[in-house]
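# Geometric and topological summary
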Amino acid sequence: MTGDAGLAEQRIFDLDEGELERRLSETWETPRGIWGALTTVDHKIIGRRYIITAFVFLILGGLLALAMRLQLAQPEARFIGPDRYNQIFTMHGSTMMFLFAVPVMEAMGVYLVPLMVGTRNIAFPRLNAFSYWIFLAGGLLLWIAFALDTAPDVGWFAYVPLSGPQFGAGKRADIWAQMITFTELSALAVAVEIVVTVFKQRAPGMSLDRIPLFVWAMLVTSFLIIMAMPAIMFASSSLILDRLVGTHFFNPAEGGDVLLWQHLFWFFGHPEVYIIFLPAVGMVSSIVSTFARRPLFGYLPLVMALISTAVLAFGLWVHHMFVVGLPQVGESFFTASSMTIAIPAGVQIFCWLATLWDGRPQFKTPFLFVIGFIVTFVIGGLTGVMVASVPFDTQVHDTYFVVAHFHYVLIGGAVFPLLGAIYYWFPKMTGHMMSETLGRFAFALIFIGFNMTFFPMHILGLEGMPRRIYTYQPEMPWAGMNLFVSASALVLASGFFIFFVDVLRSARSGAPAGANPWGASTLEWATSSPPACFNFARIPVVAARDPLWSEPDELTVATGLRTDRRELIVSSLVEAQAEARESSPRNSIWPLLSAIATTIMLIWSIFSPWAVVWGSIPIAIALIGWFWPKQVPEDES
Amino acid sequence: MKERVTLDVSKLPLHGMGTASPTWWGTLAFMLIEGSGFGLAIAVYFYLMSLAKTWPIDAPAPGLWPGTCLTVLLLASIVPNLVLSRRARQQDLRRVRIGLIVMSILGVLPLIFRAFEFTVLAVRWDDNAYGSIVWVMLGLHTTHIVTDLIDTLVLTCLMFSRHADNPRRYGDVHDNALYWNFVVAAWIPLYLCIYWVPRL
Ligand code: HEM
Ligand SMILES: [Cu+2]
């Protein structure tokens, strides 16, 4: 720290607006072209890329769903054979859960959290770049395997012994297990970034009780990821070891246990549902408050509901295992705790309704999706309470009733809010509005198509149609309803089609959005749409929970950050008082090289255990390149 | 929107140390993740034990010496590690250099004992589930020693380069020392599981 640096900073105070922004752009800009794309560490570019990739996986997973429905439309159809069908439902489930739902929620966090807490970039931006590349590699691995007809065929949960060495021949199950490692690595990295961004990079004055609810939701979700994902990584790695080097974790003949797999899997798999659901809850809170035009009713209860849902999520995994024969006491406990989770859910719904009661709701497209969410989620919640009871679950467990239930929860609980969130934040991300007319159309088709597709599945399930079957006999009384379901799936798909058309059209030629088109209250709306590469020319100083509403025509800001370095403010954990200035890393190719080295090692290790030894050498080299200080101003104070 | 300046941050320090540093929190979060990993390994160990008729399965309890020597060595390494961490906070370059060299040596020595630990297990990873979990536990912990060692070696080189005298680097040394404490602390329950639980 030298004296003349102080002088340089002094001069920043007198910079006029244009000059300040010009200098900040020079410092923060991502270079144009391929090189810029490969080296960028801007959370907005990476977040957008992450969101788009996840939606591409939604489309791919959706096409597989349509393929399944085509096959099931009639009894004894010949469209897809049993082997391919096993691959397809595995690919559908794995793609939707690991390549779409979790990543898209995290990606929304990557884009929005730094803007909403008023900082210039996410914490550990290079790790952020790395996490995207690793995610992409995992997705490509799975889908290239599918194209080569070596996709996993063991379900998205890959139960042993079917996925173990005795029954799962070839490399199918290994590919599944390694895809898990890729996506969990990337999910964990993003979780760490979000936790640290929220803990340490909040705008001065944004104390814990002023954090926007979406940010709270992402924070709690990140902790869930940190606690739950190691279990699935442990499970998938043990599975690979069993298959490759002959360990016996899941082999009962040598002291292992197949139920161990289920415990590890569902210890992750149940919280996974909340990892998908909690960010959606945060999105709903943002949208409800904005379109009701008033602060949320019950901020504290909403935060407590988020936290208690997360805590309860860990007590519940066994409810996926009622039919495997566990001790009676355990079952009652897990039934009770499964039903307890209805309490925080009820609190949230009550708070949203109370907010709306008092406000003057505007029925714009984002808000329509929120209504769709509340309706479907309540139905999914009710069937959830039903399957939480052991006798009922025993009846319907492997039937279409469960397929209906979890699509109500997943699509109702996560995809509806997500689509609403895209309509809501699209103007911020692109600078253009999406079309209200097309939006209403898309919503109507998706909502109606969804209920027509999935509601009859409850009935099919009660009539005894098992899930994961590639066909059924004409003697069974299921044909008519299956045809109806398959036709409705097309209605649903056409709704999505309109949504994507609207996205593509609006990104180019939608009406200009302006900084705050919805008149919302949180900080991401305090900067231009789309935000400049440095997010905020001057970092906001927060004095209220809804800063843009409490002082509608004035933004209080901080000054004194240098413009010639990527500086941002680090603030204290509880009160968010400014503590230090930190320089945020510059663009770098090393995260990509590290991701490539990691990819080589992980794929190679499907075939040889030595890959772990030799493959880690290039990783070590790439990581040293990543962390070695370069000749840049940040490194000389 | 109009902007009104209410705060000047130009006098704030560059790169806070400890809780004022994002990397410190990042290190903590990674410790939480890896701690969950170790916790799971231990849970799986006890789960498999609860299923087995005899424990260890078809093998004697592992020999005590190498593991115990390693434990003593790791515990002893805490002292120079804490000293190093303090010197880093004081930004005392000469002592930090000495400390890093000492910690590099203390990172290599345990690996020698670790090699012997694998030989006294008296069971292979592919003999049975007991063998599988103890090999994985030892392997998991060895990876942590190795990664921290590489980290320390790179940091040592860095502190002898012209990049050394910089608050950022001292922060790195501080965080690296924190991580080593974690590697040591995580070993204690693993040690008890692997060596003493079979003797109960
Ligand atoms: C877009 C419309 C969708 C349709 C028409 C659809 C259809 C289906 C069908 C028919 C099955 C049952 C396969 C079988 O048991 O044979 C299924 C399974 C599944 N779906 Fe969907 N799905 C859709 C969207 C989603 C979404 C958005 C998610 C997650 C976010 C999802 C997650 C799953 C999972 C996890 C399974 C279980 C796969 C398995 O049993 O291995 N689906 N889906
Ligand atoms: Cu569950």
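Residues numbered from 1 in each chain as written. Chains lettered and ligands numbered in written order. Predicted model: local features only at pLDDT ≥ 70, side-chain atom pairs only at ≥ 80, totals over all residues. Heavy atoms only, no water.

Our next topic: the coordination of the iron atom of ligand 1. Residue and element names in this part refer to chain A. In the first shell of the iron atom of ligand 1, the protein supplies His 92 (NE2) and His 407 (NE2), at 2.0 to 2.1 Å from the metal. Considering all 6 donor atoms around the iron atom of ligand 1, the spread of angles at the metal, 88 to 180 degrees, places the coordination shape in the octahedral class. Placement of the pair is His 92 in helix H5 (residues 82-116) and His 407 in helix H15 (residues 400-430), with a sequence separation of 315 residues. The exposure classification of His 92 matches that of His 407, with both residues buried. (Donors = N, O, S within 2.8 Å, 3.2 Å for Na, K, Ca; no water. Tetrahedral: all angles 85-135°; square planar, octahedral: opposite > 155°, others 65-115°. Helix = DSSP H or I, 4+ residues; strand = E, 2+ residues; numbered from the N terminus. Buried < 20%, exposed > 50% of the residue type's maximum accessible area, 1.4 Å probe, protein only.)

All names here are of chain A. It is at 8 Å that the axes of helix H16 (residues 436-462) and helix H17 (residues 479-509) come closest, and there the two elements cross at 155 degrees. In this view, H16 runs roughly antiparallel relative to H17, as classed from their interaxial angle. The two elements H16 and H17 cross, and the hand of that crossing is left-handed. Taken together, the residues of the contact of H16 with H17 break down into 21 nonpolar, 7 polar and 2 charged. (Axes fitted to C-alpha atoms, helices over the stretch in contact; angles between N-to-C directions. Parallel < 35°, antiparallel > 145°, perpendicular 65-115°, else oblique. Left-handed = near helix turned anticlockwise from the far one by under 90°. Nonpolar A, V, L, I, M, F, W, Y, C, P; charged D, E, K, R; others polar.)

Moving on, we get to the environment of Leu 106 of chain B. Residue and element names in this part refer to chain B. Note that Leu 106 resides in helix H3 (residues 93-120). Among the residues examined, Leu 106 registers a relative accessible area of 15% and is labelled buried. Sequence separation between Leu 106 and Ser 77 is 29 residues, and the spatial gap between their C-alpha atoms is 6.5 Å. Dropping the residues within four chain positions of it, Leu 106 is found in contact with Leu 73, Ser 77, Pro 80 and Trp 180. (Contact = heavy atoms within 4.5 Å.)

Okay, the packing of aromatic side chains next. Here a ring pair, both rings aromatic, is described through the centre-centre distance and the interplanar angle of the planes. Residue and element names in this part refer to chain A. A full pass over the atoms with the stated rule returns 62 aromatic pairs over all chains. Ring centres of Trp 352 and Phe 373 lie 5.8 Å apart, and the angle between their planes is 70 degrees; this geometry places the pair in the edge-to-face category. Taken as a pair, Trp 352 in helix H12 (residues 342-358) and Phe 373 in helix H13 (residues 365-387) lie far apart in primary sequence, 21 residues in all. The burial state of Trp 352 is the same as that of Phe 373; both residues are buried. Here the basic side chain of Arg 545 rests over the ring of Tyr 299, its NZ or CZ set 3.8 Å away from the ring centre. (Phe/Tyr/Trp six-rings, centres within 6.5 Å; stacked < 30°, edge-to-face > 60°. Lys NZ or Arg CZ within 6 Å of the ring centre and 35° of its normal.)

This part takes up the pattern of salt bridges. All names here are of chain A. With the rule as written, the count across this model stands at 22 salt bridges over all chains. Between Arg 440 and Glu 436 there is a salt bridge whose closest N-O contact spans 3.3 Å. Pair noted here: Arg 440 and Glu 436 are both in helix H16, with a separation of 4 residues, about one helical turn. With a relative accessible area of 39%, Arg 440 lands in the partly exposed category. The exposure class assigned to Glu 436 is partly exposed, which follows from its relative accessible area of 26%. One salt-bridge network, in which partners are shared between bridges, spans Glu 19, Arg 22, Arg 23 and Glu 26. (Salt bridge = Lys/Arg side-chain N within 4 Å of Asp/Glu carboxyl O.)

Next up on the list: the pairing of strand E3 (residues 578-583) of chain A. Residues and elements named next belong to chain A. Judged from the 5 bridges that link them, strand E2 (residues 567-571) and E3 form a sheet pairing that is antiparallel. Along E3, the bridge assignment pairs Glu 567 with Ser 583. Turn length for the E2-E3 hairpin, with the two strands adjacent in sequence and antiparallel, is 6 residues, and the turn residue Ala 576 shows positive phi of about 55 degrees. (Pairing = 2+ DSSP bridges.)

Take the site of ligand 1 next. All names here are of chain A. Close to ligand 1 lie 23 residues; Tyr 85, Phe 89, His 92, His 407 and Arg 468 are nearest. Between ligand 1 and Tyr 400, the relevant distance is 3.5 Å, taken from an oxygen atom to a side-chain nitrogen or oxygen of the residue. Between an oxygen atom of ligand 1 and a main-chain N or O atom of Arg 468, the distance comes to 2.7 Å. When contributions to the shell around ligand 1 are tallied by element, the ones reaching two or more residues are helix H4 (43-72), H5 and H15. (Near = heavy atom within 4 Å. Polar contact = N/O pair within 3.5 Å; in protein donor to acceptor, adjacent residues only side chain to side chain.)

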